[in-house]
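Notes for the structure review
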Amino acid sequence: MPSQKLLKDLRALLEPFDHLHLLQEVASLEIEEIKQLHHQLKDYSGDLLFRQRQALSVKRETQDLRPWLDVSIPLPSEKGEAAIFDGKVASVILAGGQGTRLGWSGPKALYPIFPEQNITLLQILLQKVGHVSRGKAKAPPVAVMTSPLNHQAIAKYVAHEDGCGLKQEQLILFPQKMLPLLDEQGNWFLEKPGQICMGPNGNGGVFNLLMTLGIFEKWKKAGIEYVTVVPIENPLAEPFDLKQIDLLVKAKADVVAKCIERIQPDEKVGVFAKQEGRLHVVEYSEMAEQEKCALDADGRLVWPYANIGQFAFSMDFIERMATVPLPWHIARKTANAWGKGEISAIKCETFLFDVLPYAKNPKLLLYPREISHAPLKNQSGDKSPEMVRAQYMHYHKSMINSPS
Ligand code: UD1
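Residues numbered from 1 in each chain as written. Predicted model: local features only at pLDDT ≥ 70, side-chain atom pairs only at ≥ 80, totals over all residues. Heavy atoms only, no water.

**Here we look at helix H6 (residues 121–133)**
Let me state the cut-off plainly: Put simply, DSSP H or I for four residues or longer makes a helix, DSSP E for two residues or longer makes a strand, and each gets a number counted from the N terminus. Here, expected helix span is obtained from the residue count minus one, scaled by 1.5 Å. Three labels apply to residues, based on accessible area from a 1.4 Å probe with only protein chains included: buried if under 20% of the type maximum, exposed if over 50%, partly exposed otherwise in between.
Under the 1.5 Å per step criterion, the end-to-end length of H6 is 19 Å for 13 residues, consistent within 8% with the ideal 18 Å. Taken across its 13 residues, H6 has 11 buried, putting it largely inside the fold. Within H6 the residues assigned to the buried category are Leu121, Leu122, Gln123, Ile124, Leu125, Leu126, Lys128, Val129, Gly130, Val132 and Ser133. Of the residues trailing H6, glycine 135 is marked for its positive phi of about 80°.

**A closer look at the packing of aromatic side chains**
Cut-off, in case you're wondering: Any Phe, Tyr or Trp ring, taking Trp's six-membered ring, that has another such ring centre within 6.5 Å forms a pair; planes under 30 degrees apart are called stacked, those over 60 apart edge-to-face, and the others tilted. By definition here, charges over rings are those cases where NZ of Lys or CZ of Arg is within 6 Å of the ring centre and within 35 degrees of the ring normal.
Under the definition given, this model contains 6 aromatic pairs. When the centroid spacing of 4.9 Å and the interplanar angle of 90° are considered together, the rings of phenylalanine 207 and phenylalanine 313 count as edge-to-face. Here phenylalanine 313 lies in strand E15 (residues 305–314) and phenylalanine 207 lies in helix H8 (residues 206–212), a separation of 106 residues in the sequence. The exposure classification of phenylalanine 207 matches that of phenylalanine 313, with both residues buried. An aromatic cluster is defined as three or more aromatic residues linked by ring pairs; in this entry it consists of Phe207, Phe311, Phe313 and Phe317. One Lys or Arg, lysine 258, reaches over the ring of tyrosine 367 and ends 4.5 Å from the middle of that ring.

**Concerning the site of the ligand**
Inclusion rule: Being near a molecule or strand, for a residue, means having at least one of its heavy atoms within 4 Å of it. Pairs of N or O atoms are called polar contacts if they sit within 3.5 Å, as long as, within protein, a hydrogen donor faces a hydrogen acceptor (for residues adjacent in sequence, only side-chain-to-side-chain pairs). Per-residue and other accessible areas were derived by the Shrake-Rupley procedure at a 1.4 Å probe size, with only the shown protein chains allowed to occlude residues. Think of it as three bins: nonpolar holds Ala, Val, Leu, Ile, Met, Phe, Trp, Tyr, Cys and Pro, charged holds Asp, Glu, Lys and Arg, and polar takes everything else, Gly as well.
Neighbouring the ligand are 21 residues; Gln176, Glu283, Tyr284, Asn307 and Lys377 lie closest to it. At 2.5 Å, a side-chain N or O of tyrosine 284 approaches an oxygen atom of the ligand. Burial of the ligand by the protein chains amounts to 87% of its free accessible area of 730 Å². Class assignment of the residues belonging to the shell around the ligand gives a composition of 10 nonpolar, 8 polar and 3 charged.

**Examining the pairing of strand E5 (residues 142–146)**
Rules: In this analysis, strands are considered paired if DSSP registers two or more bridges between them. With strands facing away from the observer, any crossover in which the path from the first strand over the helix to the second runs clockwise is taken as right-handed.
Among the 5 residues that make up E5, 5 are buried, leaving the element largely enclosed by the rest of the structure. In E5, alternate side chains face the same way, and those of Val142, Val144 and Thr146 on one face and Ala143 and Met145 on the other are all buried. Of the pairings in the sheet, the one linking E5 to strand E6 (residues 171–175) comprises 5 bridges and is parallel in character. When the sheet's bridge partners are listed, valine 144 is paired in E6 with leucine 173. Crossover connection from E5 via helix H7 (residues 151–160) to parallel E6: handedness right-handed.

**Quick notes on the environment of aspartate 298**
Here aspartate 298 is to be found in the loop between helix H11 (289–293) and E15. Separated by 80 residues in the primary sequence, aspartate 298 and lysine 218 have C-alpha atoms spaced 51 Å apart. A polar contact is formed between the side chain of aspartate 298 and the side chain of arginine 300, at a distance of 3.3 Å.

**Points about the nonpolar core**
Selection rule: Among the buried residues, those of types Ala, Val, Leu, Ile, Met, Phe, Trp, Tyr and Cys that are joined through side-chain atoms within 4.5 Å form a nonpolar core. Contact criterion: two residues are considered in contact whenever any of their non-hydrogen atoms come within 4.5 Å of each other.
By size, the foremost hydrophobic cluster in this structure holds 47 residues, and its most contacted members are Ile93, Ile113, Leu122, Leu126, Val142 and Ile232. The biggest single contributor to this core is H6, with 7 residues. The contacts of isoleucine 113, once residues within four sequence positions are left out, are Ile119, Thr120, Leu121, Ile124, Leu376, Pro385, Val388 and Arg389. The next biggest cluster of nonpolar side chains, apart from the first, holds 42 residues, and it includes Ile172, Trp219, Ile224 and Leu364.

**A word on the state of the cysteines**
Put plainly, two cysteines are in a disulfide when a covalent bond ties their sulfur atoms together. Threshold: In plain terms, two cysteine sulfur atoms within 2.5 Å form what is called a disulfide here.
Taken as a whole and judged by the stated rule, the model has 0 disulfides. This cysteine, cysteine 348, is not joined by any disulfide, and cysteine 197 carries the nearest cysteine sulfur, 12 Å off. Judged by its relative accessible area of 2%, cysteine 348 is buried.

**Considerations on the pattern of salt bridges**
A side chain of one charge can pair with a side chain of the opposite charge when the charged atoms of the two come close. Short version of the rule: One side-chain nitrogen of Lys or Arg within 4 Å of one carboxyl oxygen of Asp or Glu is enough to make a salt bridge.
Inspection of the entire model under this criterion finds 17 salt bridges. Between arginine 332 and glutamate 184 there is a salt bridge; the shortest N-O distance is 3.2 Å. Remark: glutamate 184 occurs in the loop between strand E7 (178–180) and strand E8 (190–192) and arginine 332 occurs in strand E16 (residues 329–337); sequence separation between them is 148 residues. Classification of arginine 332 by relative accessible area gives exposed; the value is 55%. What you see here is one network of salt bridges that share partners, running through Glu267, Arg369 and Lys383.

**Describing the domain arrangement of the protein**
Just so we agree on the cut-off: Note that the domain bounds were set by an automatic or database domain assignment. Here the buried area means the combined drop in accessible surface, using a 1.4 Å probe, for two parts upon being joined, counting both sides.
Here the domain parsing of the protein yields domain 1 (1–43) and domain 2 (60–401). Placing the centre of domain 1 and that of domain 2 at their C-alpha centroids yields a distance of 38 Å. Counting residues at the interface gives 12 residues for domain 1 and 10 residues for domain 2. It is His19, Glu25 and Gln40 that lose the most area in domain 1 upon contact with domain 2, and together they represent 42% of the buried surface on that side. The element that contributes the greatest number of residues to the side of domain 1 that touches domain 2 is helix H3 (residues 31–42), accounting for 5 residues. Split by residue class, the side of domain 1 that touches domain 2 holds 5 nonpolar, 5 polar and 2 charged.

**Considerations on H3**
Since there are 3.6 residues in each turn of an α-helix, residues three or four apart along the chain are aligned in direction. Note the cut-off: Of all possible arcs, the one meant is that of the directions from the helix axis to the C-beta atoms.
Between its first and last C-alpha, H3 extends 16 Å over 12 residues, near the 16 Å set by a 1.5 Å rise per residue. Those residues of H3 lying buried are Ile34, Leu37, His38, Gln40 and Leu41. Mapping the buried residues of H3 onto a view down its axis gives an arc of 165°, with all of them on the same face. Across H3 from its buried face, at more than 90 degrees, point the exposed residues Glu32, His39 and Lys42.

As structure tokens, this is what we get:
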């Protein structure tokens, strides 16, 4: 039996959240489980649930947004190369995601995209960093954002693979934060005895974590001026894209975002948009069907440019943005509720691309899709392992055969 004191403390924690119904479920828990719940609740600020519920009713207004049409073409770089050579560029790999949609129970980062050679998505990106590091006195640093769900597995893999060829001091792994999920009634729920169901809180917390974990300061002291961000699932992503960094340096921009041309209205990509000169992304999940399919007089998609999640930022911009709160986006997913089985749950996430409207002089760099965008998303069909492999191999063959 849990002690009266423990139950009283728990009641005091649950009351401000209007979650006394959890006390009934708690009655059958072991003392250690109640302590665990107590510990978890203590981390939440009093208004968290209130803010999550509020986010459910926010309607995202997109009617004043217009398509962003001003894009640059990647050009041979001098400044990009110099910036990397002088040790001014670092990279962050976003690897908080799991491989659930791929039928893979581990971290997406560790998906063996080339199973015969046992080559994972993470290995491909880290090897690219290793390649860029060769011959440089200052090896460019890389931080991999994991999540509490996959951090251990990724750390173990990296240790086992000897840093995938990177120097120990070059590579940092840090886990992102999690947030409680809500049920359809807008309440938190237990996923197992003593544990409120949580999920990763989106990729938008990355700047704040760089700052609060001291990574920003460390990089600044080391002379870093620019930071790129790339997603783990795309083996064609370039952690150190010379042309992207070149434009960032030359244009003195806060951000250079890579983009591709949209070809299909139903592709799950956010589109670049403009409002009063500011750069935005409208996410595919929040875009009206009519807008996704809209065509201009020449039969081209009205929203022409897709976000591929590959950004280069100035350190000054990261510093300015690290404490700016980003809005929550709402996603629905199934989750396991203790004693109830699978339920429909609501996830609140922040997205990194919501920093873009704050950027001065933002630039978009338009890339051919076949050399920049091969994200692994599905078990079969489009964006499946088979397709990603084929696209990756095709790109590499064309590189080998191209005249240098
Ligand atoms: C993302 C973009 C979308 C873009 C598309 C291109 C976001 C929110 N959306 O959509 O605009 O057109 O890629 O393929 O970025 N991640 C974390 N932690 C999290 C959630 C995600 O690290 O909590 C990472 C993932 O591992 C992945 C990246 O962020 O590397 C993108 O997240 P994902 O949820 O896969 O976004 P998409 O739906 O593919």
